Amino acid sequence: MIIEIKVSKAVSPEELALGIVATGPCPGDDCNADTGGCLPADSSCGQDCSCPSDE
Amino acid sequence: MKSLLKDKIKLYNLGFKEPSQRKYGYDYSVDNPTVLRNDTLIVSDNNSYIIYSPFTNMITRVSEFPKKGTILEDVLKRRGFFKSTPNTIHQDTKWTGFTSLTLLLTRKCNLRCIYCYASPSVDGPSMPCDLAIDALNWFVQQNQRPKVRITFHGGGEPTLEQGLIQKVVARAEEIKGNHPVHYLIVTNGTAKRSFLDWMMNHKFAITFSIDGPPEIQNRNRPFADGSPSSQVVENNIRYLVAKNYPVGVRLTYSSKDDIVQIIRYFGEIGIKRIHLEPLFPYGRYYKKVKFGNGSKYKVFSPETEDLLAKFLKAMDICKNYGMKIYNGHIMHFNKGIGYFCGAASGRAMVVTHDGLLTGCLEVVDSKDKEIKIFKIGDWVPSEKRFEVDMDKISILQKRHADILPVCRNCFARYVCAGGCAVKAVRANQGFFGRDISYCDFTRAFVPILVKKIAVMSKI
């Protein structure tokens, strides 16, 4: 049996206006490498990895 | 597992609570059409299945469920699906020091936000300068990362201690060596223009906590004397926006309010990034953690279906304005996380004004009733150093998506990693429990998001 499937590159959720830290405005490495420091995933803190000093 | 059991016994001794038994070890995939297999989500959709890896951004659609061991699964594997998850989401098995520093400078605040978890006062105590400088020196000495990240955060309003912030920054610039230093602050937005200018000059990442147009902001976040704060905060935001400085806002949302009106307000004043989190009913106004309209509070937290509908609506409005909307539970959707929070996983060094190391930004001093659970160390002023409780760090490192009993079989475990630890504790789920207010939202949102991505990707 031959199964053919067409695999596509998915659009980023950002095209749906959903902010994603991994592709966000901070081009740093450790900023996006974990949740330490910027604490972007802490719902109470409001940080979002925006790092003007990286720019 | 023996190690986890041992830690749980320690936790009971510390007053930790057992997570809800009814979900213990429950296999969510049994009755849920969405499945996570390695790095790939399988989402049932209109008599077919979307196969999508958020980590590699590959997507396809197949007509039948790719059961394990079938030719279809094999074909999908060969096309790049069902790969191992990235190393970045794996559990920390050793501790190599803190990766960032957060200073909770003060317990004083000039606002009286109704939902504030910290309940600061106008004349609350602040961190002594010696403690702040010792924390910075000690952190930099043990930091193994190429960058130094310093955050000034709540427990009170950090900009009320601007002199202390300036001293910390001056010292950081002295000792940074070749390491770039990043400064971040979460503020209520009432600081004087001169201090905003100073922060901009030092390239601070600035997040303003503001809840929306005047009627909402003034109700939720008035000044301590009850006077409205909206105009002051809005003017400061406009000041930064006019200088093209990147500004994010942190919006605490109650389903009492119109999300469309709120997003439009931020769009009109030039905000491009909104961080929306639903109100969590804990703090000075909320005596009991209860969600939804049935809570009897005038300003209440949304329940799952309401939050889901409003968040999807907010995404649509943001798109129209060219804005991005962030949410703590889904902002790592394409990267994945094993830990929800840097503080509650022992990665972030969070220092309270009274010299404790806390594993939670909301557990802000030695008087907090959850401090026994979250305290991970102490300042030793005579030696200008910090004593870290390694047993406690080891426990925190086990609050991982693959270990949490209520999460380890969930398809969304690398999206939210169990959610916020302190919210789980406050809602009587225990430290190893889930953030119940968000769990259902995340589990409902992920398949919807994947279906939207599939439509946009034309598959």
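What counts and what doesn't
- Residues numbered from 1 in each chain as written.
- Chains lettered and ligands numbered in written order.
- Predicted model: local features only at pLDDT ≥ 70, side-chain atom pairs only at ≥ 80, totals over all residues.
- Helix = DSSP H or I, 4+ residues; strand = E, 2+ residues; numbered from the N terminus.
- Buried ≥ 20, exposed ≤ 12 C-beta atoms within 10 Å, placed from the backbone.
- Contact = placed C-beta atoms within 7 Å.
- Axes fitted to C-alpha atoms, helices over the stretch in contact; angles between N-to-C directions.
- Parallel < 35°, antiparallel > 145°, perpendicular 65-115°, else oblique.
- Left-handed = near helix turned anticlockwise from the far one by under 90°.
- Nonpolar A, V, L, I, M, F, W, Y, C, P; charged D, E, K, R; others polar.
- Expected span 1.5 Å × (residues − 1).
- Arc of directions from axis to C-beta.
- Pairing = 2+ DSSP bridges.
- Core = buried A, V, L, I, M, F, W, Y, C linked by C-beta atoms within 7 Å.
- pLDDT = per-residue confidence, 0-100.

### Brief notes about the overall build of chain A
Looking only at helices and strands, chain A features 1 helix and 1 strand. The buried share of chain A, taken over its 55 residues, is 55%. Residue pairs in contact within chain A that sit at least 24 positions apart in sequence constitute 32% of those at least 6 positions apart.

### Some details on the packing of helix 3 (residues 129-142) of chain B against helix 4 (residues 162-175) of chain B
All names here are of chain B. Put simply, helix 3 and helix 4 touch, their axes get as near as 10 Å, and they point 30° apart. By the angle between their axes, helix 3 is roughly parallel relative to helix 4. The chirality of how helix 3 crosses helix 4 is right-handed. Facing Cys 129, Ala 132, Ile 133, Leu 136, Asn 137 and Val 140 of helix 3, the residues of helix 4 in contact are Leu 164, Lys 167, Val 168, Arg 171, Ala 172 and Ile 175. Across the contact of helix 3 with helix 4, the residue classes tally to 9 nonpolar, 1 polar and 2 charged.

### Details of helix 4 of chain B
Residue and element names in this part refer to chain B. Between its first and last C-alpha, helix 4 extends 20 Å over 14 residues, near the 20 Å set by a 1.5 Å rise per residue. Here helix 4 has its buried residues at Leu 164, Ile 165, Val 168 and Ala 172. Buried residues along helix 4 cover an arc of 100° about the axis, so they all sit on one side. Pointing more than 90 degrees away from the buried face of helix 4 are the exposed residues Gly 163, Ala 170, Glu 173 and Glu 174. If you follow the buried residues of helix 4, they end up packed against strand 5 (100-104), helix 3, strand 6 (148-153) and strand 7 (181-187).

### Details of the sheet that holds strand 4 (residues 58-62) of chain B
Sheet strands associate in pairs through backbone hydrogen bonding, adopting either a parallel or an antiparallel arrangement. Overall, antiparallel pairing links the 5 strands, which are arranged 1(A)-4(B)-3(B)-2(B)-1(B) in an open sheet. Across the chains shown, the open sheet's two edge strands, defined by having one partner strand only, are strand 1 (8-9) of chain A together with strand 1 (34-37) of chain B. Strands in contact with helix 14 (residues 436-456) of chain B are strand 1, strand 2 (40-45), strand 3 (48-53) and strand 4 of chain B; relative to strand 2 of chain B, the strand with the most contacts, it is inclined by about 85°.

### Re the nonpolar core
B:Leu103, B:Ile274 and B:Ile325 are the most contacted members of the largest nonpolar core, which has 139 residues in total. What B:Ile325 contacts, discounting residues up to four positions off in sequence, is A:Ala17, A:Leu18, A:Gly19, B:Ile274, B:Leu276, B:Ala314, B:Met315 and B:Cys318.

### Focus: the environment of B:Ile373
Residue and element names in this part refer to chain B. Its place among the elements puts Ile 373 in helix 10 (residues 371-374). Among the residues examined, Ile 373 registers 26 C-beta atoms within 10 Å and is labelled buried. When the C-alpha positions of Ile 373 and Arg 61 are compared, they lie 46 Å apart, and in sequence the two are 312 residues distant.

### Some points on the confidence of the model for chain A
Averaged over chain A, the pLDDT score is 55; the fraction of residues at 70 or greater is 35%. Under a pLDDT of 50 for its full length, residues 23-55 of chain A has, in the predicted model, 117 contacts with residues more than four places off or in other chains.

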